[in-house]
Amino acid sequence: MDAAAFERVRERLAGIGGETAVSHGVLVLEIEPERVTEVARALKDELGFDLLLDVTAVDWPQREPRFDVVWHFYTTRHFVRVRVKTRVPLADPTVDTLITLYGSARYMERECHDMYGIVFRGNDDLRPILLYEGFEGHPLRKDYPKHREQPLVPYRTGPEAKP
Amino acid sequence: MSLPPLDRLPNPIRPAFTEGSRDGSVIVNIGPSHPATHGTIQIVAEIYGERVLRTDVHCGYLHRGFEKECESHTWHNLIPYVDRLNYCSALINDFAYCEAVEKLMGIEITPRCRYLRTLLAEYSRIADHLTCIAAALMELGAMTAFLYLVTIRDYIYEHLADLTGARVTYSYGRIGGLACDLPDGWLERLGEILHQMDTFTGRVHGLVDRNRIFIDRMRDVGVISTAEAVNWGFTGPILRSTGAPRDLRRDTPYLAYAELDFEVPVGIKGDNYDRYYVRMREIDESAHMIRQLVDMLPPGPLCVDDRRCTFPDKALVYSEIESLINHFKLVMEGPQVPPGEVYSAHEGANGELGFYIVSVGGGVPWKVHCRAPSFVHMGGAHRMLDGYQLADIVPTFGSINMIGGECDR
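Residue positions are counted from 1 within each chain, in the order its sequence is given. Here chains are named by letter from A upward and ligands by number from 1 upward, in the order in which they appear as written. Totals for whole chains, interfaces and linings use every residue, but because this is a predicted model, local features are given only for residues with pLDDT of at least 70 and side-chain atom pairs only at 80 or more, for both listing and counting.

**As for the overall build of chain A**
Part 1 of the reasoning: When helices and strands are counted, chain A shows three helices and seven strands.
Part 2 of the reasoning: In this description a helix means any DSSP run of H or I spanning at least four residues, a strand means any run of E spanning at least two, and both kinds are numbered starting from the N terminus. Going residue by residue from the N terminus, the α and β elements of chain A occur as α-β-β-α-β-β-β-β-α-β.
Part 3 of the reasoning: Along the three orthogonal principal directions, the C-alpha set of chain A runs to about 65 × 40 × 25 Å.
Part 4 of the reasoning: For chain A, with 163 residues in total, the buried portion stands at 39%.
Part 5 of the reasoning: Distance between backbone-placed C-beta atoms decides contact: two residues are in contact if it is within 7 Å. The long-range fraction of contacts in chain A, counting pairs at least 24 apart against all pairs at least 6 apart in sequence, stands at 50%. Backbone-placed C-beta atoms define the burial measure: a residue is buried with 20 or more other C-beta atoms within 10 Å of its own, exposed with 12 or fewer, and partly exposed in between.

Have a look at this one:
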């Protein structure tokens with residue numbers, strides 16, 4: 001990683017707004033949930049963060065708003081990583097989608113929706129990806145009962161079962 | 001008899017499309033159990049004749065709740081779990097996970113451990129690339145090349161079993177070190193295997209590189225551009241095959257990579273042939289790195305002298321009370337990791353393998369998230385499948401090297 005580039009990105013990141021910090025070599029930016037698209041566009045177009053690495057969430061059941069939604073970006077020019085975090089409540093766990101900016105957001109947002117029930121506004125394809133149709137609940141939420149039995153996909157019977 | 005449409009049957013998935021987009025096109029379902037997909041993956045494809053018009057790739061059939069299970073085990077107990085992410089190069093997962101935890105604890109590993117981890121990571125990368133290329137070649141009918149490559153892979157597995165006690169899932173990493181040091185004669189055998197590998201990969205080059213059948217199946221199939229690869233989050237050999245020399249070992253050096261001399265091989269246009277060739281060249285580079293590391297390997301302790309994570313010597317556990325308590329605490333309560341969060345990435349055999357770990361203090365993680373390259377690659381796989389022949393799905397899929405263990409977690 002280029003230290004000068006890191007400092008440059010850090011200064012310009014402070015201009016975007018929100019709280020910035022450095023954690024174990026990663027720039028961290030905490031923003032309001034409404035500003036996700038705006039910040040991501042600035043990261044991509046102005047700062048060159050062309051790779052969306054990861055989308056996930058963290059559940060803090062005792063806290064309000066309950067969820068952190070976390071994105072990791074990387075720039076293939078300056079080799080700097082940035083983590084963008086925002087907080088959303090259980091009542092309305094909605095943030096804007098990034099699929100218009102990054103193709104990779106599609107699958108990762110589906111996974112995050114599967115696991116935490118975060119809704120990505122504007123992503124029309126939030127079908128289950130690691131789970132299956134009919135799975136109830138969001139397993140990575142802290143209040144998900146781990147030993148719960150899930151409904152099974154029924155066997156195919158009748159004429160349509162035959163090839 | 002006409003079948004009801006796919007979405008009307010009881011189905012674990014809901015296909016993105018159930019009707020053809022043009023007259024005469026057919027929707028077929030490939031997988032999840034299909035001999036040619038070598039991975040539990042389901043592809044719903046619309047085909048017109050033999051041409052694939054669009055595909056909808058589904059994964060998750062190997063989902064086993066890795067991340068949920070991590071939240072109720074101590075930090076050390078997760079090492080066997082992370083082994084099973086990319087089971088073709090389990091040691092890379094081990095080291096990436098251990099490094100993330102070490103960053104949170106503020107531990108700096110010993111020089112011997114640092115070089116040995118680098119050596120073993122490269123050795124694992126060779127095994128992974130050999131597996132990928134061998135399987136991809138076999139699916140195209142190149143049985144001899146397959147046998148040459150898996151022979152070497154098996155030598156590597158047996159050799160790693162001498163070191164770790166297991167062939168595939170080693171559980172060899174430890175937070176702050178490694179499970180045990182090299183047995184006698186291990187490095188000599190390593191030299192022999194690398195020498196044999198050069199012979200065998202040379203034969204594979206001779207068999208397939210300029211083979212008309214191979215070129216026809218691989219050249220200009222599954223093409224992806226650099227811009228598109230970056231947009232879909234591709235990393236590792238797939239991104240490099242498009243001509244972008246992006247490699248974490250070079251760009252953000254970790255372990256001992258900053259001290260090594262190696263090249264980052266790149267392809268020309270990002271097709272299947274380039275992905276094959278980039279992996280073959282990476283095997284050579286890894287062997288080159290291993291040879292340097294054997295000479296650089298310093299003597300000294302393997303594990304850090306830190307009672308928060310390193311287990312005391314077994315003889316002391318049985319003879320003095322402090323070590324007994326220390327051992328008991330480490331097993332029952334786990335290493336005490338200070339609160340914080342960390343994202344740490346290694347260059348896995350398939351691309352960026354990242355661990356995002358959140359700790360609230362104590363012996364059990366609050367969250368462990370794995371950024372698995374295979375999962376992200378599956379998200380963009382349709383870009384390499386659409387528009388080509390149905391039969392091209394097999395080599396393209398082979399060259400992506402999807403590993404179900406890390407894709408579905």
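So much for the structure itself; the text now carries on.
**Looking at the interface of chain A and chain B**
Part 1 of the reasoning: In this complex, chain A contributes 36 residues to the contact, which on the side of chain B involves 41 residues.
Part 2 of the reasoning: Going through the elements one at a time, strand 3 (51-59), strand 5 (81-88) and helix 3 (105-116) of chain A are the ones with two or more residues in the side of chain A that touches chain B.
Part 3 of the reasoning: As a working rule, the residues Ala, Val, Leu, Ile, Met, Phe, Trp, Tyr, Cys and Pro are called nonpolar, Asp, Glu, Lys and Arg charged, and the rest polar, with Gly in that last group. Class assignment of the residues belonging to the side of chain A that touches chain B gives a composition of 18 nonpolar, seven polar and 11 charged.

**Structural notes on the nonpolar core**
Across soluble globular proteins, you tend to see nonpolar side chains buried next to one another.
Part 1 of the reasoning: Buried Ala, Val, Leu, Ile, Met, Phe, Trp, Tyr and Cys residues form a nonpolar core when they are connected through C-beta atoms within 7 Å. Core analysis: the biggest nonpolar cluster contains 163 residues, and Phe73(A), Val82(A), Ile118(A), Tyr97(B), Val101(B) and Ile357(B) have the highest contact counts within it.
Part 2 of the reasoning: A total of 15 residues in this core trace back to one element, the largest contributor, which is helix 4 (residues 111-139) of chain B.
Part 3 of the reasoning: For every domain, the bounds stem from an assignment made automatically or drawn from a database. Per-domain counts for this core show at least three residues from each of domain 1 (6-58) and domain 2 (66-305 + 334-408) of chain B.
Part 4 of the reasoning: Setting aside chain neighbours within four positions, we find Phe73(A) in contact with Leu43(A), Phe49(A), Leu51(A), Leu52(A), Leu53(A), Arg81(A), Val82(A) and Val84(A).

**Description of the sheet that holds strand 2 (residues 42-48) of chain B**
Residues and elements named next belong to chain B.
Part 1 of the reasoning: Ordered by their spatial adjacency, three strands build an open sheet running 1-2-3, and the pairing between neighbours is antiparallel. The sheet terminates laterally at strand 1 (26-30) and strand 3 (51-58), the two strands that pair on one side only. Averaged over all adjacent pairs, the angle separating strand axes in this sheet is 20°, with direction ignored.
Part 2 of the reasoning: We treat two strands as partners when DSSP finds at least two bridges between them. Direction of pairing for strand 1 relative to strand 2: antiparallel, over a ladder of five bridges. Residue pairing for strand 2: Asn-29 is matched across the bridge by Val-44. The axes are straight lines fitted to the C-alpha atoms, using for helices just the contacting stretch, and the angles between their N-to-C directions are given from 0 to 180°.

**A few points about the packing of helix 6 (residues 186-208) of chain B against helix 11 (residues 272-296) of chain B**
Residue and element names in this part refer to chain B.
Part 1 of the reasoning: Across the interface, helix 6 lies against helix 11 with an axial gap of 11 Å and an inter-helix angle of 160°. Here helix 6 lies roughly antiparallel to helix 11, going by the angle between them. Helix-helix and strand crossings are classified by hand; for helix 6 and helix 11 the assignment is left-handed. Packed against helix 6, whose contacting residues are Leu-187, Leu-190, Leu-194, Met-197, Thr-201 and His-205, the element helix 11 presents Met-280, Ile-283, Ala-287, Ile-290, Arg-291 and Val-294 at the interface.
Part 2 of the reasoning: The class makeup of the residues in the contact of helix 6 with helix 11 is nine nonpolar, two polar and one charged. Each angle receives one of four descriptions, namely roughly parallel if under 35 degrees, roughly antiparallel if over 145, roughly perpendicular if within 65 to 115, and oblique otherwise. Crossing handedness is defined as follows: a turn of the near helix away from the far one that is anticlockwise and smaller than a right angle gives a left-handed crossing, while the clockwise case is right-handed.

**Notes on the domain arrangement of chain B**
Frequently, the measure chosen for interface size is the accessible area that the parts lose on association.
Residue and element names in this part refer to chain B.
Part 1 of the reasoning: Domain assignment breaks chain B into domain 1 (6-58) and domain 2 (66-305 + 334-408).
Part 2 of the reasoning: Spacing between the C-alpha centres of domain 1 and domain 2 amounts to 30 Å.
Part 3 of the reasoning: Contact with domain 1, which involves 16 residues of that partner, is made by 17 residues of domain 2.
Part 4 of the reasoning: For the side of domain 1 that touches domain 2, the secondary-structure elements that each account for two or more residues are strand 2 and strand 3.
Part 5 of the reasoning: The dominant element in the side of domain 1 that touches domain 2, judged by the number of residues it contributes, is strand 3, at six residues.
Part 6 of the reasoning: Looking at the side of domain 1 that touches domain 2 residue by residue, the class counts come to eight nonpolar, five polar and three charged.

**Some remarks on the pairing of strand 7 (residues 352-359) of chain B**
Residue and element names in this part refer to chain B.
Part 1 of the reasoning: The buried count for strand 7 comes to eight of eight residues, which makes it a mostly enclosed element.
Part 2 of the reasoning: Of the two faces of strand 7, the one carrying Glu-352, Gly-354, Tyr-356 and Val-358 and the one carrying Leu-353, Phe-355, Ile-357 and Ser-359 are both buried.
Part 3 of the reasoning: Where strand 6 (residues 340-347) meets strand 7, eight bridges bridge the pair, whose relative direction is antiparallel. Bridge pairing links Ser-344 to Phe-355 in strand 7.

**With respect to the confidence of the model for chain A**
Part 1 of the reasoning: What pLDDT reports is the predictor's confidence in each residue, on a scale of 0 through 100. For chain A, per-residue confidence averages 85 on the pLDDT scale, and residues scoring 70 or more make up 94% of the total.
Part 2 of the reasoning: By mean pLDDT, helix 1 (residues 3-16) of chain A is the weakest element of chain A at 76, and strand 4 (residues 67-74) of chain A is the strongest at 92.

**So, helix 16 (residues 393-400) of chain B**
Residues and elements named next belong to chain B.
Part 1 of the reasoning: With eight of eight residues buried, helix 16 is to be regarded as a mostly interior element.
Part 2 of the reasoning: Residues of helix 16 that are buried include every one of Ile-393, Val-394, Pro-395, Thr-396, Phe-397, Gly-398, Ser-399 and Ile-400, and no others.
Part 3 of the reasoning: A positive backbone phi angle near 60° is found at Asn-401, which sits one or two residues after helix 16.

**Focus: the sheet that holds strand 7 of chain B**
Residues and elements named next belong to chain B.
Part 1 of the reasoning: Reading across the sheet, the three strands line up as 6-7-8 and stay open at both edges, with antiparallel pairing between neighbours. Each end of this open sheet is capped by a strand with a single partner; those strands are strand 6 and strand 8 (367-371). In this sheet, adjacent strand axes meet at a mean angle of 15° when their direction is disregarded.
Part 2 of the reasoning: Relative to strand 8, strand 7 runs antiparallel, the two being bridged by five bridges. Considered in strand 8, the bridge of Val-358 is made with Lys-367.
Part 3 of the reasoning: Across the sheet, helix 3 (residues 90-105) touches strand 6 and strand 7, and the angle it forms with strand 6 is around 150°.

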